Every structure is written in structure tokens, then in C-alpha cells.
Amino acid sequence: MSVAIGEWLQQWMQKRSGEPAYRQLYRLLRQAILEGRLGPGARLPSSRQLAADLSVARNTVLQVYEQLAVEGYVSAATGRGTFVEDISHDLPVRARPVEHRQGAGPRAAASGPRLSERGRRLMSSLGYSDRQYGAFMAGVPDVSAFPARQWMRIQNRHWRMMRPELLSYAPSGGYPPLRQALSEHLGATRSVTSHAGQVVITSGIHQAIDVAVRLLCDVGDRVWIEEPAYWGIRNLMVSQGLEVVGIPVDAQGINPRGHDLLHPPRLIIVTPSHQYPLGMVMSLARRRRLLEYARQHGCWILEDDYDSDFRYGGRPLPSLQGLDEAGLVIYAGSFSKMLFPGLRVGYVVVPERLAGPFASAVAELFREGQLITQSVMADFLREGHVTSHMRKMRSRYAARRACLIESVHARYGTALRIVGDKAGLHLVLALPRTADDVAICRTAYQRGIMARPLSSYYLLPERAQKGLVLGYAGVPEADIPNAFTVLADVIDTELRKS
Ligand SMILES: Cc1ncc(COP(=O)(O)O)c(C=O)c1O
């Protein structure tokens, strides 16, 4: 038997010569035991003989036997040799294949457990891109302009102080001085009414909405989102098993009517300061109507204030939260657009009665940390670096926006309309109904230009308008005309086909 094992191992080891001998031998013996080819009681060759058969050092074999013994696959009987243990009672019981709701049958069973229904729905509507930088990536600021020196100076100060408590998990709600600084900052810049206890630090708006949904909605509950809306939030809802209803927007923002008003949702998610992606501002009348409807029907409202600080003409509008007297609005924001998205620092300002549950939910579900980052962020905000960076960026983005608009006009005159360019980091180039905006974006991507198809922001295909969402904030002015020419050539080719 010993000789047979040696020959068999030899053949296999020769086939896989790239792997170190110790690892190969260990893996092959373990596999043979697990598969029953070396059954309980089988005697392994002596270490001396196996080493000779395989032309490896005896120590290698001894180490493998020792490792297998530690893991319970074999045991050594002094003077008699090394024997395979009976491990049958340790192996998982072979259950009968579970019948799946869809695709049940031999093939489904053979391929093992599958994604859940909502997991599959999520996979079928993914929107993220692996490329997140360059012309005309939407939703990303000019990260190259981040004042890294100031950040490093503050960061070094915090590391020098070396407070061990900042290296552990975060207290619920996040770093208290950052919560205080944010409460003051948001009060001054966005008319958000709060005290520090209502501010909860998150890793961004995504996490804020994820927590809001877990705390406020049950699986199957109805949620309203704007139609069109940011795909990331839509997919978050889908993956939480909610009934997602898209409510069309008009020039004044979200506009629920007739049938929708008769079926109130649990949660309404809106972007009142700068509708994403179309760019309109929710009128005061519409804000009041929405707040009143939510009060009457017991709905929560989540205000996604993702990029309202960048307006080109006029002052940023006050938040919806500032108008809320019934304690129904959850205000979510982040530093993703103000500073850089990879920072992953965001915040929610929640009504008083949700402050405890929100802070506890983030601590319990995500075990947040990043306290050093949060402490640097608090000083960065307090020392005025956020405000001065934004001032600088506002004029830089205004110039880039003007440059992109000029490029569009130079090529198309008024033949293609520009929408939603009064604020934020992107604009929408409207296309004819017959245009295939998805194909345009796919081809443009192959030529190194990123654009998002407007139609992909709609839940219902029959409502989808065609267009391109173009981010300009991260593209230097000098690059914009050429990048737009490449894109326009793709647009023209595709439009000729439609
Ligand atoms: C409308 C909207 N909300 C939220 C986010 C994501 O924000 P965060 O980076 O804070 O998770 C984005 C990102 O582009 C967005 O466009």
C-alpha cells in the first residue's frame, strides 16, 4: 500500500510542479483522506520512504504528517507508523438538494445554493463603474485639487497626540466633536435645525439610506423615489426587498398624483436642492405639499443633499429639513462631493426620536471606526478648510461647466438641449427619443470617455427620456473640448443609426 501511495503522489506532484512540495503533499494527502481514497486505518508510508519516492527532503514529509496530525486527519502510533483517522463523523451530513423556487431541477441542484431573488434583481441592474475618474465621469469632484497638505498637517497632529481610544471602534453616533462641528456647519450653510445629538456620522449617504431603510421599513413596504433617480439608491432599495415606486418629477420637483397619492409609502426619498440627475430645485409650494402629505399619512422623508453646495448663480437653497416641524425628515449628506468620495465620511441629521436608534444601528450593524479620520475631519471643518476649498472649487467648476456648455453649443448650436446645469457637478445633454443612449455610452467608454445614459436612471422604461449625464468637475478645461469631440463623434454616428 505504501508503495502505491508513493507512486500516485509522485505522478500528481510532477504535474503540479509550480507549487512548493510541502503544500502539494499536504493538499494531496488531505484531499485523498477527505475523499475516502485513504480510508480510516490506512497506514501512510514511512516518512523516510515517501521522501525517497518523491525525492523531497524527509523533513518536508515529517512536517506534512505533523500538520495533518494537528488537524486530526492522521495520528502517529509510536514505533508503528502514521494512520488515517476516522473522520466520517466530522463531515457535514449530505442533505438532499433544496428545491429552488425558480429553476428547480437537476441543473439547479447540481450548481449548489444560488443568489436570493433580491440578490439576482440587484445583479441585473448594477450601475457602478470600475473607472471612476476622467472625462465625463458624473458625481466625482476634482479630487486632484484636494488640499492634502492641510489635511496631513492636522492628521500628523492627531497621530502625534496618539489617543488610543481613537484607534478602537467608534462610539455610537461617531466622534462627538465632529457631530458638534457638523451641527453648526449645517445650521449655517443649509438651515438645518439640529443639536449635535441628532447628527450621526456614517460612511456616506449610501450607508445613511441603508440604515434608514432597515430602521424605518419592513420587507415589502412601499418606498417612493424620484423618477428618474440615482441608480445607487434605487438598487439599495431593491436589495432590501422593498416595493420601489418611481414618482415622476416636473419643473418643481417630485409630483405625486392620483393613484400614487392613494397609496402612501413608508418612506419618500428626494433630492430637493438639486434633483438627481435632472437638476431642478423643488419649489417651496411642492416642499410644503410633500411635508403636509407625509404628516397626514405617517410617511418618513429622506432628504438626500448630495451636492447642493455648488450653485452657479444664486445662493444654495435652504434644506427641506429646516421647514419640517413634524419631525419627519431625515437629512443625509456627505463630504464625497465637497472633498473626495473615497474619504467615505457622511452624516445624517435625524429627528430627535430617531437619534438613539440611528446611532445605535450604525454602531451595532457596522461597528464603525475611522475615528482618526473623523477627528481630522472635525478640525478640517472647524479651521475653515472645507469652506475655503469649496469656494475655490466653485469657481473652478463654474469655468469647466462653461467650457463644456461652449463645446456643446459649438458642435450642436441649439439642436441638442442642455438640462440641469445650474448647480452641481454634472449636466444632462438631452437626446431625441429615438436615440440609443445606452449604445452611445458603451461606444464612448471604449474610446475612453465616460457618460451615463439618462434612460438608465428610470425605473419604468416607458417613462425613460434619452440623454447623457456628463460630469465636468474632474476634467481640466484644456481637456474638455477634445473629449467632447470624441463623444460627439460617437453621438452623431449612433444618431444616424436611430
Ligand atoms: C444623488 C446621490 N446621492 C448619493 C450619492 C452617494 O453619496 P455617498 O458618496 O455619500 O454615499 C450619490 C453619488 O453619486 C448621488 O448622486
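Residues numbered from 1 in each chain as written. Predicted model: local features only at pLDDT ≥ 70, side-chain atom pairs only at ≥ 80, totals over all residues. Heavy atoms only, no water.

The chain is annotated in an unreviewed UniProt entry as PLP-dependent aminotransferase family protein from Yanghanlia caeni. UniProt annotates the chain under Sequence similarities (unreviewed entry) with the comment "In the C-terminal section; belongs to the class-I pyridoxal-phosphate-dependent aminotransferase family." (UniProt positions renumbered as here; feature names shortened; annotations may be inferred.)

Asker: Lay out the site of the ligand with the relevant residues and their values.
Answerer: In the region of the ligand, the neighbouring residues are Gly-204, Ile-205, His-206, Tyr-230, Tyr-276, Asp-304, Tyr-306, Ser-334, Ser-336, Lys-337 and Arg-344. Within the side chain of Arg-344, one N or O atom sits 2.9 Å away from an oxygen atom of the ligand. Burial of the ligand by the protein chains amounts to 93% of its free accessible area of 400 Å². Residue classes in the shell around the ligand are distributed as four nonpolar, four polar and three charged. (Near = heavy atom within 4 Å. Polar contact = N/O pair within 3.5 Å; in protein donor to acceptor, adjacent residues only side chain to side chain. Areas by Shrake-Rupley, 256 points an atom, 1.4 Å probe, with all protein chains shown as cover. Nonpolar A, V, L, I, M, F, W, Y, C, P; charged D, E, K, R; others polar.)

Asker: Tell me about the side chain of Arg-287, and name the residues and values.
Answerer: For Arg-287, the position within the fold is in helix H12 (residues 284–297). Polar side-chain contacts of Arg-287 include one of 3.2 Å to the backbone oxygen of Pro-272. Every residue in contact with Arg-287, bar those within four places of it in the chain, is listed here: Pro-272, Ser-273, Val-281, Met-282, Leu-317, Pro-318, Ser-319, Leu-320 and Leu-323. (Helix = DSSP H or I, 4+ residues; strand = E, 2+ residues; numbered from the N terminus. Contact = heavy atoms within 4.5 Å.)

Asker: Outline the side chain of Arg-190, listing residues and values.
Answerer: Residue placement: Arg-190 occurs in helix H8 (residues 176–190). The exposure class of Arg-190 is buried, given its relative accessible area of 1%. Engagement of the side chain of Arg-190 in a polar contact is seen with the side chain of Ser-273, the distance being 3.0 Å. (Buried < 20%, exposed > 50% of the residue type's maximum accessible area, 1.4 Å probe, protein only.)

Asker: Describe the pairing of strand E3 (residues 81–84), and please don't skip the residues or the numbers.
Answerer: The pairing of strand E1 (residues 43–44) with E3 spans two bridges and is classified as antiparallel. By the bridge assignment for E3, Leu-44 is matched with Thr-82. Here four bridges tie strand E2 (residues 74–77) to E3, and the two strands are oriented antiparallel to one another. The residue of E3 that forms the bridge with Val-74 is Val-84. Connecting E2 to the antiparallel partner E3 that follows it, the hairpin turn spans three residues, and Gly-79 within it adopts a positive phi of roughly 80 degrees. (Pairing = 2+ DSSP bridges.)

Asker: Can you lay out the domain arrangement of the chain for me, pointing to particular residues and giving the numbers?
Answerer: Looking at the assigned domains, one finds that the chain contains domain 1 (2–90), domain 2 (146–383) and domain 3 (388–497). Spacing between the C-alpha centres of domain 1 and domain 3 amounts to 63 Å. (Domains from an automatic or database assignment.)

Asker: Residues and numbers for the sheet that holds strand E8 (residues 267–270), please.
Answerer: Within the open sheet, the eight strands sit side by side as E4-E11-E10-E9-E8-E5-E6-E7. Their pairing is mixed. The open sheet has two edge strands with one neighbour each: strand E4 (199–202) and strand E7 (253–254). Bridge analysis of E4 against strand E11 (residues 346–349) gives four bridges, and the strand direction is antiparallel. The residue of E11 that forms the bridge with Thr-202 is Gly-346. Relative to strand E10 (residues 329–334), helix H9 (residues 205–216) is tilted by about 155 degrees, and along the sheet it contacts E4, E8, strand E9 (300–304), E10 and E11. (Axes fitted to C-alpha atoms, helices over the stretch in contact; angles between N-to-C directions.)

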